[in-house]
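Fold and geometry: a report
Listed below are the residues making up each chain.
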Amino acid sequence: MLRTARQLASLLTGVALLLLGNGLLNTLIPVLGSTLGFSSGLLGAMTSAYFAGFLAGTFIISALVRRMGHIRAFAFCAAGFACLVLLLSLTTQPLIWLLLRFAIGVVVVGLYTVIESWLNSQAEPQQRSSVFATYMVVNLGSLALAQQFLQFRPSQSAVLFVLVALLVCASTLPVLATRMRQPEVQPMPRLRTRRLFQLAPSAGVGALLSGLTMGAMWGLAPVYAASTGLGAAGIGTWMSVFILGGAALQWPMGRLSDRHDRRIMLIVVSALGAIAAALLPMLAGFPITANVLLFVFGGMAFAVYPIVVAHLLDHVPAEELLPASTSVLLVNGVGSAAGPLLAGLLMGSLGTAWLFGWVVLCMGGTAGYVAFRLLTFEREQTDASAFVPMLRTTPTAMEMHPVVDAETEAEATTMHQDER
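Residues numbered from 1 in each chain as written. Predicted model: local features only at pLDDT ≥ 70, side-chain atom pairs only at ≥ 80, totals over all residues. Heavy atoms only, no water.

1. Focus: the overall build of the chain
In terms of regular secondary structure, the chain is built from 15 helices and zero strands. Looking at the chain as a whole, 57% of its 420 residues are labelled buried. (Helix = DSSP H or I, 4+ residues; strand = E, 2+ residues; numbered from the N terminus. Buried < 20%, exposed > 50% of the residue type's maximum accessible area, 1.4 Å probe, protein only.)

2. Focus on the environment of Phe38
Within the secondary structure, Phe38 sits in the loop between α1 (2-35) and α2 (40-68). Residue class for Phe38 comes out buried when judged on its relative accessible area of 13%. Linking Phe38 and Thr92, residues 54 residues apart in sequence, is a C-alpha distance of 9.8 Å. Those residues within four positions of Phe38 in sequence are excluded, and the remaining contacts are Gly33, Leu43, Met46, Thr92, Pro94 and Trp97. (Contact = heavy atoms within 4.5 Å.)

3. Things to note about α2
In an α-helix, one turn spans 3.6 residues; hence positions three or four apart end up facing the same way. Here α2 is 29 residues long and its end C-alpha atoms lie 39 Å apart, about the 42 Å a rise of 1.5 Å per residue gives. At Phe59, α2 shows its maximal kink, close to 45 degrees. Following α2 by one or two positions, Gly69 adopts a phi angle in the positive range, close to 90 degrees. (Expected span 1.5 Å × (residues − 1). Bend = angle between axes of the 7 residues up to and from the residue.)

4. A closer look at the environment of Trp218
Within the secondary structure, Trp218 is located in helix α8 (residues 201-227). Here the alpha-carbon distance between Trp218 and Gly44, two residues 174 residues apart in the chain, equals 9.6 Å. Those residues in contact with Trp218, other than ones at most four positions away along the chain, are Asn26, Phe51, Leu143, Met239, Ile243 and Phe302.

5. Looking at the side chain of Ser240
Following the sequence through the fold, Ser240 ends up in helix α9 (residues 232-259). Taking the relative accessible area as the measure of exposure, Ser240 reaches 6% and is therefore buried. Residue contacts for Ser240: discarding those within four places in its chain leaves Ala144, Gln147 and Gln148.

6. Here we look at the environment of Leu346
Mapped onto the elements of the fold, Leu346 is located in helix α12 (residues 321-350). Along the primary structure Leu346 and Trp358 are separated by twelve residues, whereas in three dimensions their C-alpha atoms are 7.8 Å apart. Residues in contact with Leu346, not counting those within four places in the same chain, are Gly351, Trp354 and Trp358.

7. Quick look at the nonpolar core
Within the largest apolar cluster, 126 residues are counted, with the highest numbers of intra-cluster contacts made by Phe81 and Phe297. Looking at this core element by element, the count peaks at 15 residues for helix α11 (residues 287-315). With residues up to four places along the chain from it excluded, the contact list for Phe297 reads Met217, Phe242, Gly273, Ala276, Ala277, Leu280, Phe356, Val359 and Met363. (Core = buried A, V, L, I, M, F, W, Y, C linked by side-chain atoms within 4.5 Å.)

8. Focus: the packing of aromatic side chains
Here the structure, examined in full by the defined rule, presents 13 aromatic pairs. Between the aromatic rings of Tyr50 and Phe51, the centroid separation amounts to 5.3 Å while the plane-to-plane angle is 70 degrees, which identifies the pairing as edge-to-face. Take Tyr50: its relative accessible area is 5%, and that puts it in the buried class. Under the relative-accessibility criterion, Phe51 is labelled buried at 10%. Judged by centre distance (5.9 Å) and plane angle (80 degrees), the ring pair of Trp218 and Phe302 falls under edge-to-face. With Trp218 in helix α8 and Phe302 in helix α11, this pair connects stretches of sequence that are 84 residues apart. Each member of the pair Trp218 and Phe302 is classed as buried. Every member of this aromatic cluster is reached through a ring pair, and the members are Trp218, Tyr224, Trp238, Phe242, Phe297, Phe302 and Phe356. (Phe/Tyr/Trp six-rings, centres within 6.5 Å; stacked < 30°, edge-to-face > 60°.)

9. Quick look at the packing of α11 against α12
Relative to each other, α11 and α12 sit at 150 degrees, their axes nearing to 10 Å. Accordingly, the angle class assigned to the pair α11 and α12 is roughly antiparallel. In this structure, α11 crosses over α12, and the sense of that crossing is right-handed. Here Tyr305, Val308, Val309, Leu312 and Leu313 of α11 come into contact with α12, specifically with Leu321, Ala324, Ser325, Val328, Leu329 and Asn332. (Axes fitted to C-alpha atoms, helices over the stretch in contact; angles between N-to-C directions. Parallel < 35°, antiparallel > 145°, perpendicular 65-115°, else oblique. Left-handed = near helix turned anticlockwise from the far one by under 90°.)

10. Notes on the pattern of salt bridges
Evaluation of the coordinates by the stated rule reveals two salt bridges. Linking Arg263 and Asp261 is a salt bridge whose minimum nitrogen-to-oxygen distance equals 3.3 Å. Using a relative accessible area of 13% as the deciding quantity, one classes Asp261 as buried. (Salt bridge = Lys/Arg side-chain N within 4 Å of Asp/Glu carboxyl O.)

11. Details of a nonpolar patch on the surface
Taken together, the side chains of Ile264, Val268, Leu272, Ile275, Leu279 and Met282 define a hydrophobic patch exposed on the protein surface, amounting to about 520 Å² of accessible area. As for its placement among the helices and strands, Val268 is situated in helix α10 (residues 262-279). Val268 sits in the partly exposed class, given a relative accessible area of 34%. (Patch = residues over 30% accessible without salt bridge, like charges linked within 9 Å, V, L, I, M, F, W, Y side chains within 5 Å. Areas by Shrake-Rupley, 256 points an atom, 1.4 Å probe, with all protein chains shown as cover.)

12. Describing the confidence of the model for the chain
Close reading of the predicted structure is inappropriate where its pLDDT is low. Model confidence for the chain is summarised by a mean pLDDT of 84, while 82% of its residues fall at 70 or above. Counted against residues more than four places away or in other chains, residues 409-420, with its pLDDT under 50, gives three contacts. (pLDDT = per-residue confidence, 0-100.)

13. Concerning α8
With 27 residues, α8 extends 37 Å between its outermost C-alpha atoms, agreeing within 8% with the 39 Å of an ideal straight helix rising 1.5 Å per residue. Taken as a whole, α8 carries its principal kink of about 50 degrees at Leu220; the proline Pro222 stands between one and four residues after it. Taking burial as the measure, the 27 residues of α8 include 24 buried ones, the bulk of the element.

14. Quick notes on the side chain of Asn332
Note on placement: Asn332 falls in helix α12. For Asn332, the contacting residues outside a window of four places in its chain are Ala207, Ser210, Gly211, Tyr305 and Arg392.

Okay, here's the thing in structure tokens:
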């Protein structure tokens, strides 16, 4: 057990280094793009390209891992990531940046898939819940810490691109040094998006609008922060407050959803997020108040997706858990890819503060739609699952979700007994 814990710790170290690099890059691109004179629409398109690559990579990475094995696939994707980042530092041509951002999305989902499938296969059944929770804490903590690297050197310098490449390369060391047996590659569950909207329409709409919100925030929040007069260090702190709000408030909001109809909590969380987003541009001149609002907004925005997943799992039969959870990832991924492009066009036409106008539209739309469902349709009596704080990553991560894992283990045990 101790050896397994140490091996899992080495993988989580690799995750932390990877997220430090990728988290820094995701903020560095819009910050540097703003200084180069790129429009909000163009910067939004670059973020959309990244999420489009992430989505495309989800469907093709399994073949790569099956051909190479987990260790070689991880090294291959990490080397590709580092090369792509260094290429970014050598040019300022927007079209090349768009193509490179798409390619980075593809290799990043490959890195996530390898790590998550390994964690999933190595964790003992009684450890799955704690491993999943630790993995999500490492994700959010690394993303928040990554923003502080902007304080070390001006964002215009190629030094930060080199730092990203170094962190990504360093993430391979604990993975390449492991003695753990490589897991088998599992086939991706068949996607049935229409079935998702039939089982839990509020979950489907909530996942789509959450993607539209968070995709826009990841790609364009640094652009808005720069427009308020913040320098690179200030933008890093601004993004850290946003992420830390998500880390701190996601769990209490989720626990409240365990005690009430999750649709009520979706309405409350989305409405509070929309209100905080509406007030942020108005109070940008009051730093303390603005940071409190940003913290609250981050907590609400990050809480929507995991509540959506919990609501979905409340209504899905055990045999459909993995296909349904993969479908909700797909819907959220489509929103994440479209959100930055649409919000960027809006910001380019009406001003950078309209990033939060977009957020109000999306989160307010979630609250309005779910309220309509709540008032129109009675809730079916189901066995409620427990809320689990989480981020959207890959379908492999959903296999570590305690509810999905428990149901699929039980199903596998039943099938084995039937065979006997």
